[in-house]
Amino acid sequence: MKITFPLMGNMYIALRAVFEELGGEVIIPPKCNKRTLELGTLYSPELICIPFKITLGNYLESIEKGADTLFMWGGSDPCRIGYYNMIQEEILSNLGYDIEMICGEPFKNLKEIKSFLKKLSRATNTSNYFKILPAFIKGIKLMCEIDEFDDLVIKTRPREMVKGEVDKLYAKFEEEVNGAKGYRETLNIIRRKKEELKNILIDKNKEVIKIGIVGEIYTVLEPYINLDIIKKLGNMGVEVHRSVTSSEFIKEQIDFIPFISSNKEDVHRAAEAYLNTEIGGHARHTIGNTVLYSEKGFHGVIHLLPFTCMPEIVAQSILPTIEKEKNIPILKLILDEMTGEAGYSTRIEAFVDLLERKKHVLDENH
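Bear in mind that the values here come from a model prediction, so they are computed numbers and not experimental data.

Definitions and limits used
- Residues numbered from 1 in each chain as written.
- Predicted model: local features only at pLDDT ≥ 70, side-chain atom pairs only at ≥ 80, totals over all residues.
- Heavy atoms only, no water.
- Helix = DSSP H or I, 4+ residues; strand = E, 2+ residues; numbered from the N terminus.
- Rg over C-alpha atoms; globule rule 2.2 N^0.38 Å.
- Buried < 20%, exposed > 50% of the residue type's maximum accessible area, 1.4 Å probe, protein only.
- Areas by Shrake-Rupley, 256 points an atom, 1.4 Å probe, with all protein chains shown as cover.
- Lys, Arg positive; Asp, Glu negative; His and termini not counted.
- Charge placed at Lys NZ, Arg CZ, Asp CG, Glu CD.
- Disulfide = S-S within 2.5 Å.
- Pairing = 2+ DSSP bridges.
- Axes fitted to C-alpha atoms, helices over the stretch in contact; angles between N-to-C directions.

### Some words on the overall build of the chain
Thinking step 1. A count of helices and strands for the chain gives 15 helices and eight strands.
Thinking step 2. For the chain, the C-alpha radius of gyration of 21 Å lies close to 21 Å, the compact-globule estimate for 366 residues.
Thinking step 3. Considered along the principal axes of its C-alpha atoms, the chain spans approximately 65 × 45 × 45 Å.
Thinking step 4. When each of the 366 residues of the chain is scored for burial, the buried share is 55%.
Thinking step 5. Carbon together with sulfur atoms contributes 53% to the accessible area of the chain, which is approximately 17,100 Å² in total.
Thinking step 6. Counting 48 positive and 54 negative side-chain charges, the chain places the averaged centre of each group 3 Å from the other.

### Let's talk about the state of the cysteines
Thinking step 1. What the rule picks out here adds up to zero disulfides.
Thinking step 2. The thiol of Cys49 is not disulfide-bonded; the next cysteine sulfur, from Cys309, is found 6.3 Å away.
Thinking step 3. With relative accessibility at 7%, the residue Cys49 sits in the buried group.
Thinking step 4. Judged by its relative accessible area of 7%, Cys309 falls in the buried class.

### Structural notes on the sheet that holds strand β6 (residues 238-242)
Thinking step 1. Pairing within the open sheet is parallel, and its four strands lie in the order β6-β5-β7-β8. Only two strands of the sheet have a single neighbouring strand rather than two, namely β6 and β8 (330-335). Strand after strand, the sheet turns through a mean of 25° between neighbouring axes, direction not considered.
Thinking step 2. Bridging between strand β5 (residues 209-215) and β6 involves five bridges; their strand directions are parallel.

### Details of unusual backbone geometry
Thinking step 1. The backbone phi angle of Leu227 is positive, close to 55°, even though this residue is not glycine.
Thinking step 2. With respect to the element layout, Leu227 can be found in the loop between α9 (217-221) and α10 (229-235).
Thinking step 3. Taking relative accessible area as the criterion, Leu227 reaches 19% and is therefore assigned buried.
Thinking step 4. Look at Asp228: it is not a glycine, yet its phi comes out positive at around 55°.
Thinking step 5. Within the element layout of this structure, Asp228 appears in the loop between α9 and α10.
Thinking step 6. Relative accessible area serves as the criterion here: at 32%, Asp228 is assigned to the partly exposed category.

The following block contains the structure:
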């Protein structure tokens, strides 16, 4: 079996390590690019959301490299991600590809975790649960380590004394981690790069604009689809906070286990006055985190959503009320295959200018 999975930010690093720990042969798709999107769009339903199109493109490029087993994270609420695996499997079958699709459903209890471990067993031809469970735990640990590293990158980039140092270190990190094998080697690289990052000279007294990023998880985490907004804002001197990360997503799935905690209850409580029920995707998180960002003194919020994403369209209709009541500027960016980088960058720059002017006025009044 040669297994692959779609890219979503740095989540692939942890997934690859898990499958390698279990003796699986892993094929990582090429970094998302124009061809990935064009391939996926060519064979996708016209009005399906862009994450579907790019993940299908990931599969097609991995199959070209020899992959025969496809792993996909599923969904169980009113969001189309719950149907991705079925539709994509049918599309690939109609194209003549003989592949096996393995879908990991979200966890709600220990029985579903056991079911997921069985799927890992099938994907790697390993029936030894004394190997599977530790590999699963290592994968979660790696996700947490990667997200901690990324958060440090986000805080350091707008404060670096020598422009470009963080980007240079991050490029080296990607190069090294992509050549790593297994859990231990991957973990060592992450920790070493974290220490190198801490040695970069920063202006600790620099006052920076703080922007929270909310929206559908794929558009927040995958730099190709959001045109590398995290890096772009950081190089403009803005500190960014991602409302959703891979590790927090997993923690929210398994926080019924003792000693595992997530921010889910805090987010739901913050959203309650505006949206007090689950409608799918990350809509409730979008609302709740926007409220939390306003309470934590963030200067603005950027809402990222794929074109035709129903949960985020509902959230989008609520955000103007929060913007007015909480006095926090919100920029909405809808993403699809037609999104142009020039216009997109202009809107981001204008939004940052607006926040800087507003901050300047508030500072003068105080």
